[in-house]
Amino acid sequence: MKTLLYTIALLIAALFVHRPLLAQNSTYKLTITIPNISQRMGTMHVGLIIKPEHFMGKSDLDTAVVVPADGPLTIVIPNLKPGQYAIQLYQDLNNNNVMDRAGMMPTEPFGFSNIAMLMGPPSFEQAAFEIKDDTEIRVRLLGN
């Protein structure tokens, strides 16, 4: 009887020890929805930021999607590890693969996760969100 109880205790302990290891190997899906597209042209360039020092610069993961004729634009990014992320995007109206500007101000629609209105340049911390399971986020275009 002692051997049986000891074996059961070891099995239960092994489950708790391996559970964090299994969670570390999990990946999740991020669904990004852009609801307020007013100009139905061009390409939406979406950048996913993992490292805070890349915010407002080169994204860690880039994707580009043709703007649909109507409705919101939805982009799904699979296989993301748990962690903190931010999104920066712009609508390339003339398909020249750069965000056009007049001085410092963008002349094409743009947006950031968690930012609905700008009061100066946003920071990674303001735009950051946590992925710890499948996540959905809406990003509103500014300067639209």
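Colleague: Residues and numbers for the overall build of the protein chain, please.
Modeller: Of regular secondary structure, the protein chain possesses two helices and 10 strands. Put simply, the protein chain runs from its N terminus to its C terminus through helices and strands in the order α-β-β-β-β-β-β-β-β-α-β-β. Considering the protein chain as a whole, with its 144 residues, one finds that 36% of them fall into the buried category. Accessible area of the protein chain: about 9,100 Å², with a carbon and sulfur share of 60%.

Colleague: Describe unusual backbone geometry, with residues and values.
Modeller: Positive phi, close to 55°, is recorded for Asn-95, a residue that is not glycine. Tracing the backbone through its elements, the reader meets Asn-95 in the loop between strand S5 (83-92) and strand S6 (101-102). Its identity as a non-glycine residue notwithstanding, Asn-97 has a phi of 65°, on the positive side.

Colleague: Help me get a handle on the side chain of Gln-91, residues and values and all.
Modeller: Relative to the helices and strands, Gln-91 resides in strand S5. Among the residues examined, Gln-91 registers a relative accessible area of 0% and is labelled buried. Here Met-41 takes part through its backbone oxygen, which lies 2.8 Å from a polar atom of the side chain of Gln-91. When neighbours within four sequence positions are excluded, Gln-91 is seen to be in contact with Ile-37, Gln-39, Met-41, Thr-43, Met-44, Val-67, Glu-108, Pro-109 and Leu-141.

Calculation criteria
- Residues numbered from 1 in each chain as written.
- Predicted model: local features only at pLDDT ≥ 70, side-chain atom pairs only at ≥ 80, totals over all residues.
- Heavy atoms only, no water.
- Helix = DSSP H or I, 4+ residues; strand = E, 2+ residues; numbered from the N terminus.
- Buried < 20%, exposed > 50% of the residue type's maximum accessible area, 1.4 Å probe, protein only.
- Areas by Shrake-Rupley, 256 points an atom, 1.4 Å probe, with all protein chains shown as cover.
- Polar contact = N/O pair within 3.5 Å; in protein donor to acceptor, adjacent residues only side chain to side chain.
- Contact = heavy atoms within 4.5 Å.

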